[in-house]
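So the chains spell out like this:
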Amino acid sequence: MEFAWYALLGLFFAGYLVLGGYDYGVGLLLARGTDPAYRRAALAAVGPFFLGNEVWLVAAVGILFGAFPMLEGELLAGSYPAVATALTGVILVTAGVQLRSRPDSGRARARWDRVIVVGSLLAALGWGVVLAGLLQGVPLGPDGHVAGVTHLFTPFAAATGLALVTLVAAHGATFLTLRMPAAEGDRLRPLARRLIASAIVAVTAATVVGLLSDRVRAAAQRPLVGVLLTVLLIGALLAARAALGRRRPGVAFTATAVALALPVLLVGATLWPYVLVSTIEPAASLTVTDAAASAATLRLLGWLAVPLLPALLGFQAMCWWIFRGRTDGRALVYW
Amino acid sequence: MDTLLLARLQFAATASVHFLFVAVTLGLVTLLVGLQTAWVVTGNPRYERLTRFWGQLYVINYVLGIATGIVMEFQFGLNWSGLSRYVGNVFGAPLAIETLVAFFLESTFLGMWIFGWHRLRRGVHLALLYGVMLTAYASAFWIMVANSWLQNPVGYEVRDGVAHLTDFSALLSNPALWMALGHVVSAALLTGGLLMAAISAWHLSRRTPDHALFRTSLRLGLVTAALAISLVQGFGFAQFGPVGALQPTKFDGNPEADALIADWTARFGAGDYLPPVLANVGLGFMILIGFALGLLWLLVPLLWRDWIIRLRFPLWLIMLSLPLPFVALILGWIAREVGRQPWVAYGLLPVEQAVSPISPWLMATSLIGFTLLLGTLAVTNWVLLARHAARGAADPALGRPPAQPPADDDTRPEPAFA
Ligand code: HDD
Ligand code: HEM
Ligand code: HEM
């Protein structure tokens, strides 16, 4: 039962990184060039999906609170600066994308676009540091509380944050090659390939820093799984690059999507059976079972989730289906 | 500096801003459903224009509901980690249900609704808006289940110092829930209705060329607001009974309160178990506003033969009364929430046990940072709302046919491929 909920939590957070990830990637790419028409077209490509993407985060946190209350408090409060950074980014992107086209003047729109760029950067950076914070263990004391927040400031956390920024940028560019009109998509292909290459470099760098870090080595319960999944992640990125070269944007997008989902699986599998590994008091480490809500609560939520999940995923799939294909002259422009 | 005080201030600030926006969301979406249904049923293009105009304002307002709502959700974990630790087994369930049943679907539907004009069949497009409305009400319901549990914890037992869920149905039949839910929902309807009436009144007072359109929304808004204020009053007075019985310390000193405080002192140690005196000041003021807005009924007969428009001064009265429901919303919540101090969960979990053990500096940074961020966004959002409201219904961006070049609001040529 706990495992099912843990998997569901992972599914929703990974879903958020994949879907919100391309929002932030597209957001980062608004920094490039000054052509307002291009920026509007890029946002029109995200268009109908935008609102449905970010709720994966809201749902993930809801599951975290309902099914893993013990983890919720310690994880969020124990990674306060990283979570607050990510949260600030999420808010800036949400407000920026939805409001940028409401003012009349081009100047105001350009200002909002900068807000979106900064927000995308903060969101990706923040979530990267949160994931790194899990992998390198936290100072969880015998009283069950994480002591302080300075444990977050390590080279590994910085490297992971940067890696996630490059990952979302590459993912966003790949999304645009898939979704923008064919001519524009073609023009973006070289950029997407370059961004994927830099993501490969950044992920490799973060992996090396991680392998050199004592804390990461001590916290990892299954280091081999971690390394294997990292190799898989880099493989996905290589595949995406190759697919773009062969003008297969659909395959490339699937591959970058896998690359954004894998970090969540990696953290979960490498730490299993723990969710929070203590760096100061081994006995204080929190397992998935300890972190979960009591059986009655999980049972109640389970009865609800069984009929609900197909509906949730079904309506999201409906949105993807209705608005599938490239944007063209008939696509509504609202953001 | 005191971490607890800062955390409370932050919750109060974020919740207040959130509620100012979501009350409008909840009220307006109900009216929008009416307008779009009228459009689909009658095929009258005036209703399409009304749907686009009010829908545009609704969507702009929605943005800050999301932004502040996300901060609310994270705040529980960031600032109140003890809440999830001690009562998360019970309190977390309705919140988790809310995010899955309500928000997830609500935003998915809304995205499809915004981008579905001219693309989806009319019936499907309308069904999406019904979906948005139903999930919005579902969210209000589940959040009130959660809040009412904090007001009056039920359906649990404490084992090893942690509350465990024993009876979920008790959460749904919580006596603190139903009257409060009715009160909150009708207050939201009142706010949405009055907003619609006030904006329409502004246009009519300036002799808008769109007279017929704003006449319709003035009537709709005013009648909704009048019906809603009576419900607000009814549910409001009906709350005194259950709340007074469940929370003897909330309103005034009385024998039950003294007995309860003696009991708490025995169980939790000596302490100040009375809420701050200012908790109830706002309550009286809110009730005053409630009676004042009851006078909206006097304007309803003036709808006959459009006297309300011809006389003009009623239009000004409506515009001047627009701030009142917003003030009342905040005052009511402050009474409810500050009135349960010093408890997060009444009689079960004191606030100082629920607050996260983090440094006051971190908490202060968070308080200042998020308050400035959300405050700035809220003001920006209201400015945009006011501008779009003032611009009138000539050509809202929402639902603009893709081929049609935008009228005045976009001076640059549209990208050929967008
Ligand atoms: C448009 C807003 C509005 C208006 C005009 C009123 N209220 Fe209200 N009131 C609220 C909006 C509100 C609220 C913000 O929605 C609250 C906070 C929590 C709740 O249940 O509703 C509230 C709380 C609240 C409470 C506190 C419940 C508690 O402490 O748990 C009482 C007793 C009343 N109201 C009673 C009234 C009466 C008798 C009114 C007028 C005759 C009135 N309210 C008008
Ligand atoms: C309906 C869902 C809500 C829930 C579950 C909720 C929960 C909470 C929690 C956990 C706290 C912090 C602990 C405390 O100080 O007691 C709090 C405080 C507070 N909330 Fe709410 N709240 C809700 C809605 C609102 C709304 C809509 C407002 C709008 C104004 C509001 C106003 C406040 C205020 C003013 C405080 C500070 C009280 C004080 O510390 O003295 N709440 N609430
Ligand atoms: C009576 C009090 C509340 C009501 C009636 C209410 C209602 C709503 C509604 C209708 C929305 C969706 C649309 C919009 O924002 O415009 C919303 C958004 C949100 N609310 Fe609240 N809310 C209340 C209090 C709270 C509290 C206490 C929390 C904290 C858990 C919360 C969390 C959220 C979140 C996370 C969102 C964003 C969902 C999205 O992305 O669409 N709300 N709220």
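Remember, predicted model here, so these are calculated numbers, not experimental data. (Residues numbered from 1 in each chain as written. Chains lettered and ligands numbered in written order. Predicted model: local features only at pLDDT ≥ 70, side-chain atom pairs only at ≥ 80, totals over all residues. Heavy atoms only, no water.)

Peer 1: Pulling in residues and values, what's your account of the overall build of chain A?
Peer 2: When helices and strands are counted, chain A shows 13 helices and two strands. Dimensions of chain A along its principal axes, counting C-alpha atoms only, are 60 × 45 × 35 Å. Considering chain A as a whole, with its 335 residues, one finds that 64% of them fall into the buried category. For chain A, the proportion of contacts with a sequence separation of at least 24, taken over those separated by at least 6, is 81%. Counting every atom, chain A has about 11800 Å² of accessible surface; 71% of that belongs to carbon and sulfur. Put simply, chain A has 25 plus and 15 minus side-chain charges, and the middle of one group is 15 Å from the middle of the other. (Helix = DSSP H or I, 4+ residues; strand = E, 2+ residues; numbered from the N terminus. Buried < 20%, exposed > 50% of the residue type's maximum accessible area, 1.4 Å probe, protein only. Contact = heavy atoms within 4.5 Å. Areas by Shrake-Rupley, 256 points an atom, 1.4 Å probe, with all protein chains shown as cover. Lys, Arg positive; Asp, Glu negative; His and termini not counted. Charge placed at Lys NZ, Arg CZ, Asp CG, Glu CD.)

Peer 1: Tell me about the environment of L64 of chain B, residues and numbers included.
Peer 2: Residue and element names in this part refer to chain B. Within the secondary structure, L64 is located in helix α2 (residues 45-79). A C-alpha to C-alpha distance of 11 Å links L64 and T14, two positions 50 residues apart in sequence. Excluding its chain neighbours within four sequence positions, the residues that come into contact with L64 are F21, G69, L374, L377, A378 and N381.

Peer 1: Before we move on, could you go through the layout of surface pockets and cite the residues and values that matter?
Peer 2: Residue and element names in this part refer to chain A. Empty space within the second largest pocket amounts to approximately 660 Å³. Lining the second largest pocket are 32 residues, and of these Y6, L9, G10, F13 and V264 lie nearest its centre. Counting residues per element, the ones that place at least two in the lining of the second largest pocket are α1 (2-29), α3 (50-67), α4 (69-78), α6 (106-135), α11 (249-271) and β1 (274-276). When its residues are assigned to classes, the lining of the second largest pocket shows 30 nonpolar, two polar and no charged. (1 Å grid on protein atoms, 1.4 Å probe; cavity = no way out; pocket = protein on both sides within 12 Å on 5 of 7 lines; lining within 4 Å. Points joined across faces, edges and corners; volume = space filled by probe spheres on them. Nonpolar A, V, L, I, M, F, W, Y, C, P; charged D, E, K, R; others polar.)

Peer 1: I'd love a proper account of the coordination of the iron atom of ligand 1, names of residues and values included.
Peer 2: All names here are of chain B. Summarising the metal site, the iron atom of ligand 1 is bound by the protein donors H183 (NE2) and M286 (SD), whose distances to it range over 2.1 to 2.6 Å. Around the iron atom of ligand 1 sit six donor atoms, and with donor-metal-donor angles ranging over 78 to 179 degrees the site reads as octahedral. Taken together, the residues H183 in helix α6 (residues 178-205) and M286 in helix α9 (residues 281-294) connect sequence positions 103 residues apart. The residues H183 and M286 share a single accessibility class, namely buried. (Donors = N, O, S within 2.8 Å, 3.2 Å for Na, K, Ca; no water. Tetrahedral: all angles 85-135°; square planar, octahedral: opposite > 155°, others 65-115°.)

Peer 1: Provide a residue-level description of the coordination of the iron atom of ligand 3, including the pertinent values.
Peer 2: Octahedral six-donor coordination of a metal ideally yields angles of 90 or 180 degrees, compared with 109.5 degrees for tetrahedral four-donor coordination. Counting protein donors around the iron atom of ligand 3 gives one, H18 of chain B (NE2), at 2.1 Å. Topologically, H18 of chain B is positioned in helix α1 (residues 3-42).

Peer 1: Lay out the interface of chain A and chain B in plain terms, naming residues and giving numbers.
Peer 2: Many analyses report the size of an interface as the accessible area lost when the parts associate. At the interface, 78 residues of chain A touch 76 residues of chain B. With both chains or domains summed, chain A and chain B bury close to 7000 Å², and 75% of this area falls on carbon and sulfur atoms. Run the count over chain A and chain B and you get two salt bridges. Between R391 of chain B and D104 of chain A there is a salt bridge, and its shortest N-O distance comes to 2.6 Å. At the boundary of chain A with chain B, the tally comes to 16 residue pairs in polar contact (both at pLDDT 80 or more). Among the secondary structure elements, those contributing two or more residues to the side of chain A that touches chain B are α2 (36-46), α3, α4, α5 (80-99), α6 and α13 (295-322) of chain A. (Buried area = accessible area lost by both parts, 1.4 Å probe. Salt bridge = Lys/Arg side-chain N within 4 Å of Asp/Glu carboxyl O. Polar contact = N/O pair within 3.5 Å; in protein donor to acceptor, adjacent residues only side chain to side chain.)

Peer 1: Help me get a handle on the site of ligand 2, residues and values and all.
Peer 2: All names here are of chain B. Near ligand 2 you find 21 residues, and of these R8, W333, E337, R340 and Q341 are the closest. R8 has a polar side-chain atom sitting 2.5 Å from an oxygen atom of ligand 2. R340 places a polar side-chain atom, nitrogen or oxygen, 2.9 Å from an oxygen atom of ligand 2. Residue assignment for the shell around ligand 2 shows that the elements contributing at least two residues are α1, α3 (81-115), α4 (122-151) and α13 (323-338). A total of six residues in the shell around ligand 2 trace back to one element, the largest contributor, which is α1. (Near = heavy atom within 4 Å.)

Peer 1: Give a detailed account of the packing of aromatic side chains, specifying residues and quantitative values.
Peer 2: In total, this model carries 39 aromatic pairs over all chains according to the counting rule given. Residues F12 of chain A and W56 of chain A carry aromatic rings whose centres are separated by 5.2 Å and whose planes lie at 40 degrees to one another, so their mutual orientation is tilted. Separated by 44 residues along the polypeptide, F12 of chain A in helix α1 and W56 of chain A in helix α3 bring together distant segments of the chain. For F12 of chain A, a relative accessible area of 0% corresponds to the buried category. Look at F65 of chain A and F76 of chain B: their rings are 5.8 Å apart centre to centre, the planes differ by 50 degrees, and that puts the pair in the tilted class. With F65 of chain A in helix α3 and F76 of chain B in helix α2, this residue pair bridges two chains. Here F65 of chain A falls in the buried class, since its relative accessible area comes to 3%. Ring pairing ties together the aromatic residues F13, Y16, Y24 and W127 of chain A together with F74 of chain B, which thus form one cluster. Across from the ring centre of W321 of chain A, 3.7 Å away, lies the NZ or CZ of R324 of chain A, which sits over that ring. Note that R310 of chain B overlies the ring of W307 of chain B, its terminal NZ or CZ placed 4.6 Å from the centroid. (Phe/Tyr/Trp six-rings, centres within 6.5 Å; stacked < 30°, edge-to-face > 60°. Lys NZ or Arg CZ within 6 Å of the ring centre and 35° of its normal.)

Peer 1: Give me the lowdown on the site of ligand 1, citing residues and values where you can.
Peer 2: All names here are of chain B. Close contacts around ligand 1 come from 23 residues, with H183, K250, M286, L329 and R336 the closest. Note that an oxygen atom of ligand 1 is positioned 3.4 Å from one of the side-chain N or O atoms of Q239. Residue K250 places a side-chain N or O atom 2.9 Å away from an oxygen atom belonging to ligand 1. In a pocket analysis with a 2 Å cut-off to the grid points, ligand 1 is assigned to the largest cavity. For the shell around ligand 1, the secondary structure elements donating two or more residues are α6, α7 (211-246), α9 and α13. For the shell around ligand 1, the leading source of residues is α7, giving seven residues. Classifying every residue of the shell around ligand 1 by side-chain character gives 15 nonpolar, six polar and two charged. (Sits in = over half its atoms within 2 Å of the grid points.)

Peer 1: Explain the pattern of salt bridges residue by residue, including any values.
Peer 2: All names here are of chain A. Taken as a whole, this structure holds 16 salt bridges over all chains when the rule is applied. Two residues, D186 and R247, come together in a salt bridge whose shortest N-O distance is 3.0 Å. With a gap of 61 residues between them, D186 in helix α8 (residues 182-212) and R247 in the loop between α10 (223-245) and α11 connect regions that are remote in the sequence. Counted as one network, the salt bridges with shared partners bring together R39, R100 and D113.

Peer 1: Account for the nonpolar core, with residues named and values stated.
Peer 2: Formed by 278 residues in total, the largest nonpolar core has its most connected members in F68 and W127 of chain A. Filtering out sequence-adjacent residues up to four positions away, F68 of chain A remains in contact with E2, W5, Y6, L9, I63, V288, A291, A292 and A293 of chain A. By size, the runner-up hydrophobic cluster in this structure holds five residues, among which are I261, Y273, W343 and Y346 of chain B. (Core = buried A, V, L, I, M, F, W, Y, C linked by side-chain atoms within 4.5 Å.)

Peer 1: Before we move on, can you summarise the environment of G128 of chain A with the specific residues and values?
Peer 2: Counting through the fold element by element, G128 of chain A comes out in helix α6. Remark: the alpha-carbon pair of G128 of chain A and P263 of chain A, spanning 135 residues in sequence, is separated by 9.2 Å.

Peer 1: Please set out empty space enclosed by the protein residue by residue, giving values where relevant.
Peer 2: All names here are of chain B. Tallying each qualifying case throughout the model produces five cavities of 30 Å³ or more. Taken as a whole, the largest cavity encloses approximately 580 Å³ of empty space. Lining the largest cavity are 32 residues, with H183, G236, Q239, M286 and G332 positioned closest to its centre. Residue assignment for the lining of the largest cavity shows that the elements contributing at least two residues are α6, α7, α9 and α13. A total of eight residues in the lining of the largest cavity trace back to one element, the largest contributor, which is α7.

Peer 1: How would you explain the pairing of strand β2 (residues 162-165) of chain B if you had to name every residue and give the values?
Peer 2: Regular strands show a simple pattern: their side chains alternate between the two faces of the sheet. Residue and element names in this part refer to chain B. The alternating pattern of β2 places V162 and H164 on one face and A163 and L165 on the opposite face, and all of these are buried. Sheet topology note: the strand β1 (residues 156-159)/β2 ladder contains four bridges and is antiparallel. Each bridged residue has a counterpart across the sheet, and for V158 the counterpart in β2 is A163. Hairpin connection between β1 and β2: a loop of two residues separates the two successive antiparallel strands, and D160 in this loop has a positive phi of roughly 50 degrees. (Pairing = 2+ DSSP bridges.)

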